[in-house]
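Structure at a glance
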Amino acid sequence: MAESIPVAPSPARAHDHEHPAEPGFIRKYLLSTDHKVIGLQYMFTGMAMALLGGFLAYVFRMQLAFPGIDVPLFGVVSPNEYNSLITNHGAIMIFWVAMPVLIAAFGNYLIPLMIGADDMAFPRLNRLSYQLFLVSALVLLASFFVEGGAFGGAWTMYPPLSASSEFNQTPLGTTLFICAVALEFVAFLMGGINFVTTTMNSRAPGMRMYDIPMVVWMIVLASILFMASVGPLVAGAVMLLFDHTLGTAFFDPQRGGDPILWQHLFWFFGHPEVYVVLLPAVGIVAEIITVFARKKLFAYKTVLYTAFGTGVLSFTVWAHHQFIAGIDPRMANVFTITTLLISVPIAEMMFVYIATLYGGSIQLATPMLWALAFIAEFLIGGVTGIFLGASGSDIYLHDTYFVLAHFHYTFFPIAIIGSFAAISYWYPKMFGRMLNETLGKIHFWGTVIPFNTIFIPLFVLGAAGEHRRIWDFAQFPELASEPLRNLDKVATVSLVIMLAFQAVFLFNFFWSLRRGQKAGKNPWHANTLEWTTESPPPHGNWKQMPTVYRGPYEYSVPGRDADFWPQNEPA
Amino acid sequence: MNPPAYGSVRVVAEQRREPLIPNGVMGMLIFVVTEAMLFAGLISAFTITRSSAVVWPPPGQPRLPFEATALNTAALLASAAALIWARRCFDRNRRTARLPLAIAVLLGAFFVVSQGAEWLAMLRQGLTLTSSQLGSFFYVIVGFHALHAVVALAALVYTWVRLQRGWLASSQLGTAQVFWYFVAGIWPILWLVVYR
Ligand code: HEM
Ligand SMILES: [Cu+2]
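Note that this is a predicted model, so its numbers are computed, not measured.

Okay, the overall build of chain A next. A count of helices and strands for chain A gives 15 helices and zero strands. For chain A, the C-alpha radius of gyration of 24 Å lies close to 25 Å, the compact-globule estimate for 571 residues. Taking the principal axes of the C-alpha coordinates as reference, chain A spans close to 70 × 50 × 50 Å. Here chain A holds 571 residues, and 63% of them are scored as buried. Residue pairs in contact within chain A that sit at least 24 positions apart in sequence constitute 80% of those at least 6 positions apart. Total accessible area on chain A stands at roughly 20,800 Å², and carbon and sulfur atoms take up 69% of it. In chain A, 29 side chains carry a positive charge and 35 a negative one; their mean positions are 11 Å apart.

So this is what it looks like as structure tokens:
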């Protein structure tokens, strides 16, 4: 059986005595420094923001499919409102859903539990991180209610549109938008410092570098990638804010500024950012497919080095977003080559996962369905990226619905499918009860099928030349042909269906909190350390801190009765 | 307490051990990497704008006082050297670190104050945030650095107070050191790129 050695309290424990024996609700849930509480705070905030982001998408999709309609729950969508809706949908989904849920929520919840620590290295910095994040979300929400409305210059904030309220007509909205994004970055900076330091310094005795579960590695690498790329964007954001509010001219071509400069600063961050969200999802999937195929992860070290390599390479591809912005054609060739190169490591990771599944005894439980869907759907996203990476085809496809469909085939598997995979897998640990399998499967199919019927039509529309930032296609007769308009309707109706199916998830989530079957310590028979403590884990995580004797993926080891071998079990 | 030493068992010799790099120092190192990238972004933006300008400095704008600020630069570097010296003393006998740490603080304060005076002089000569690209970049880049210098100086003073009262831990000194070395180390680069 699991045996642990008692340890002296580590410095991170020093915060224990801050808490009285029976803390009240506020101290326990709002001001806690416990990594698990902070993780859940991030998760619930992220889920709330996802609902909001989904609602915004519903409103502008209704306008696209049925121009001029009085959208139920919203009203008629004006061109300016349309721009604000699109802008904030994108920003919310990336910065207030994908990042907080995939990195902050699961990073906080899982890292200490999976490496055998009692808490983060800097618990109070961690609490501050969440509080700042909450403020950033509130600032963004506030921007909807100020004079002129919310910012509508796209999540990429290109100047001159974003640099002068004369053009964007949202004097306060723009300022609040930039401030919200900046605050959010500070919050994640604090989180990232915590994740890296904790993983390096607080591992259980015996846990060597290659015994760290893949999801922890991936969150750590994602944090490093984020911190290494965000600096130039913060610099750019300050310059943009000054242009907008104080009258400087960093990006104003009429006064000696350079609007393309912003695009470089933004995309130098923007492209690594897509790997920042990708890596945690890749890690989550690694945990799930090994458990539900009862097999060792194929080529652990290869996956790890590949992720490192992808991270480095991701700093060299940013100008593929600027092929038609007037960059030198010789530069365009270089960036085409690097972009095509980066699809190699990504493809390799997918092959490694398929090799892991090969010959396994696969159980199609809900978490596994999500993980498999991630692999299948992300593949489509990655492959369509190649058409965009080749500058020749991108000159035609740029800023059409093809690009939009491409990045939704990457972001949706990452942020939505990845999060549902993680939530359905770790829910028993978080709340001590199982989610309902039948409801889980209904929700799965009700999400994945409509997802495809939303975005496959958009690939077709994009290839037909539909530009992605148009409020009403009736004003462009060549694009307003009947077949194309019908595809738009298919996409919108699918979106409404998909959103409706989320009610099944919410019901399952809250119903199972009280009515779900009791989970016990280790319902999935998994190896990693979080499954060796109670569900939900107590404050401090273990009564006796664990010691690690082997890697995280020892499933179906020949010569053993059990088909799993927990990391903390002495031979 | 050692696990049994048979079979393929890994011998877990270490108990929960002291980390190689203390938490605070490590956190600060990571933070400094992010900060370095921030300045790299600013510097490259500046270099691009400058190299595509037709005349530089822009017409009607003063030249930045490259020579006059050399003294400040020297003071800041000397302050970093004093901090290295303070660390040496601290490791041998804590109390002897008081003098070098105080010197580091004073030299750092000299840098911040005379840099502020330089700013006032530039403002009087007509270089403002909105007067030209040079002014905008100057105040943003050097302003960012000044902000860091002030915060880092406050951290150094705090370190000195703790040392005075005998509460200073080695890792706390280490954390302040990393931040101050960053502030001092990035300055000569900014100085060479922006002032010249
Ligand atoms: C890691 C998963 C990926 C994510 C999350 C992602 C995300 C995105 C996003 C958000 C955009 C559009 C940005 C905008 O204009 O608003 C985009 C565009 C682009 N992506 Fe991806 N992408 C991923 C993978 C790839 C891969 C593997 C490639 C190439 C092999 C690629 C190549 C491109 C190119 C060239 C564009 C620019 C297209 C244009 O604007 O004309 N992407 N991607
Ligand atoms: Cu990209």
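All names here are of chain A. Surveying the vicinity of ligand 1 reveals 22 residues, the closest of which are Trp-155, Asp-394, His-398, His-406 and Arg-468. Measuring from an oxygen atom of ligand 1, one finds a side-chain N or O atom of Trp-155 at 3.0 Å. One nitrogen or oxygen atom from the side chain of Asp-394 is found 2.4 Å from an oxygen atom belonging to ligand 1. Elements represented by at least two residues in the shell around ligand 1 include exactly α8 (259–293), α10 (329–357), α11 (366–389) and α13 (401–431). Of the residues belonging to the shell around ligand 1, the class tally is eleven nonpolar, nine polar and two charged.

The subject of this paragraph is the environment of B:Leu106. Residues and elements named next belong to chain B. Looking at the secondary structure, you find Leu-106 in helix α3 (residues 98–124). On the basis of relative accessibility, which here comes to 61%, the residue Leu-106 falls in the exposed class. The spatial distance from the C-alpha of Leu-106 to the C-alpha of Leu-153 is 9.4 Å, given a sequence separation of 47 residues.

Six octahedral donors at a metal ideally form angles of 90 or 180 degrees, and four tetrahedral donors ideally form angles of 109.5 degrees. Residue and element names in this part refer to chain A. What the protein offers the iron atom of ligand 1 as a donor is a single atom, His-406 (NE2), at 2.2 Å. The two metals, the iron atom of ligand 1 and the copper ion (ligand 2), are separated by 4.6 Å. Note that His-406 resides in helix α13.

The next thing to look at is the packing of α8(A) against helix α1 (residues 23–52) of chain B. Running from amino to carboxyl end, α8(A) crosses α1(B) at an angle of 155°, the nearest separation of the two axes being 11 Å. By the criterion of interaxial angle, the relationship of α8(A) to α1(B) is roughly antiparallel. At the point where α8(A) passes α1(B), the crossing takes the right-handed sense. Contacts between α8(A) and α1(B) involve A:Leu261, A:Leu265 and A:Phe268 on the former and, on the latter, B:Met37, B:Gly41, B:Ala45, B:Ile48 and B:Thr49. Looking at the contact of α8(A) with α1(B) residue by residue, the class counts come to six nonpolar, two polar and no charged.

This brings us to the interface of chain A and chain B. Where the parts come together, the accessible area they lose is often given as the size of the interface. The interface of chain A with chain B comprises 49 residues on the first partner and 33 residues on the second. Of the roughly 3,400 Å² buried where chain A meets chain B, counting both sides, 68% is carbon and sulfur surface. If you sort the residues of chain A by the area they bury against chain B, A:Asn201, A:Phe250 and A:Tyr549 come out on top, with a joint share of 16%. One can count zero salt bridges joining chain A with chain B. For the pair chain A and chain B, the interface holds four residue pairs in polar contact (both at pLDDT 80 or more). Elements with a contribution of two residues or more to the side of chain A that touches chain B: α6 (171–201), α7 (214–245) and α8 of chain A. At ten residues, α7(A) tops the list of elements feeding residues into the side of chain A that touches chain B.

This next bit is on the pattern of salt bridges. Residue and element names in this part refer to chain A. Tallied over the entire structure, the rule returns 17 salt bridges over all chains. Of the charged contacts, one joins Arg-468 and Asp-399 as a salt bridge, the two residues approaching to 3.3 Å between their closest N and O atoms. Of the two residues, Arg-468 sits in the loop between α14 (437–463) and α15 (482–515) while Asp-399 sits in the loop between α12 (391–397) and α13, which places them 69 residues apart along the sequence. One salt bridge connects Lys-441 with Glu-437, and the closest N-O pair in it is separated by 3.2 Å. Here Lys-441 and its partner Glu-437 are both found in helix α14, four residues apart, which amounts to about one turn of the helix. Taking the relative accessible area as the measure of exposure, Lys-441 reaches 30% and is therefore partly exposed.

What follows is about a nonpolar patch on the surface. A cluster of nonpolar side chains, A:Phe25, A:Ile26, A:Tyr29, A:Leu30 and A:Leu31, forms an exposed patch at the surface whose accessible area comes to about 510 Å². Residue placement: A:Leu31 occurs in the loop between α1 (25–30) and α2 (35–65).

With that settled, the discussion passes to unusual backbone geometry. Look at the link from A:Ser535 to A:Pro536: it is a cis peptide, with omega at -10°. Position of A:Pro536 among the secondary structure elements: in the segment after α15. The step from B:Trp56 to B:Pro57 runs through a cis peptide bond, and the omega angle for that step is -5°. Considering the arrangement of structural elements, one finds B:Pro57 in the loop between α1 and α2 (70–92). Backbone geometry at A:Met157 places phi at a positive 50°, although glycine is not the residue there. Counting through the fold element by element, A:Met157 comes out in the loop between α4 (123–142) and α5 (165–168). Owing to a relative accessible area of 4%, A:Met157 belongs among the buried residues under this scheme. One non-glycine residue, A:Asn541, lies in positive phi territory at about 75°. The topology assignment puts A:Asn541 in the segment after α15.

This brings us to empty space enclosed by the protein. Residue and element names in this part refer to chain A. Scanning the entire structure with this criterion turns up five cavities of 30 Å³ or more. Empty space within the largest cavity amounts to approximately 140 Å³. Mapped by element, the contributors of at least two residues to the lining of the largest cavity are α11, α13, α14 and α15. No other element matches the four residues that α14 contributes to the lining of the largest cavity. Along the walls of the second largest cavity sit 14 residues, with Ile-103, Phe-188, Gly-192, Phe-195 and Ser-223 positioned nearest its centre. Breaking the lining of the second largest cavity down by element, the ones donating at least two residues are α3 (79–115), α6 and α7. Residue contributions to the lining of the second largest cavity peak at five residues, all from α6. In the lining of the second largest cavity, the residues fall into ten nonpolar, four polar and no charged.

In the predicted model, chain A carries a mean pLDDT of 92, and the fraction of residues at 70 or more is 96%. Taken together, the stretch residues 1–20 of chain A has pLDDT below 50 and engages in 35 contacts with residues farther than four places along the chain or on a different chain.

Our next topic: the nonpolar core. All names here are of chain A. One finds Met-43, Trp-96, Met-214 and Phe-374 to be the most contacted residues of the largest nonpolar core, which totals 249 residues. Residue contributions to this core peak at 23 residues, all from α3. When neighbours within four sequence positions are excluded, Phe-374 is seen to be in contact with Leu-278, Ala-281, Val-282, Val-285, Met-350, Pro-413, Ile-414 and Ile-417.

Procedures and definitions
Residues numbered from 1 in each chain as written. Chains lettered and ligands numbered in written order. Predicted model: local features only at pLDDT ≥ 70, side-chain atom pairs only at ≥ 80, totals over all residues. Heavy atoms only, no water. Helix = DSSP H or I, 4+ residues; strand = E, 2+ residues; numbered from the N terminus. Rg over C-alpha atoms; globule rule 2.2 N^0.38 Å. Buried < 20%, exposed > 50% of the residue type's maximum accessible area, 1.4 Å probe, protein only. Contact = heavy atoms within 4.5 Å. Areas by Shrake-Rupley, 256 points an atom, 1.4 Å probe, with all protein chains shown as cover. Lys, Arg positive; Asp, Glu negative; His and termini not counted. Charge placed at Lys NZ, Arg CZ, Asp CG, Glu CD. Near = heavy atom within 4 Å. Polar contact = N/O pair within 3.5 Å; in protein donor to acceptor, adjacent residues only side chain to side chain. Nonpolar A, V, L, I, M, F, W, Y, C, P; charged D, E, K, R; others polar. Donors = N, O, S within 2.8 Å, 3.2 Å for Na, K, Ca; no water. Axes fitted to C-alpha atoms, helices over the stretch in contact; angles between N-to-C directions. Parallel < 35°, antiparallel > 145°, perpendicular 65-115°, else oblique. Left-handed = near helix turned anticlockwise from the far one by under 90°. Buried area = accessible area lost by both parts, 1.4 Å probe. Salt bridge = Lys/Arg side-chain N within 4 Å of Asp/Glu carboxyl O. Patch = residues over 30% accessible without salt bridge, like charges linked within 9 Å, V, L, I, M, F, W, Y side chains within 5 Å. 1 Å grid on protein atoms, 1.4 Å probe; cavity = no way out; pocket = protein on both sides within 12 Å on 5 of 7 lines; lining within 4 Å. Points joined across faces, edges and corners; volume = space filled by probe spheres on them. pLDDT = per-residue confidence, 0-100. Core = buried A, V, L, I, M, F, W, Y, C linked by side-chain atoms within 4.5 Å.

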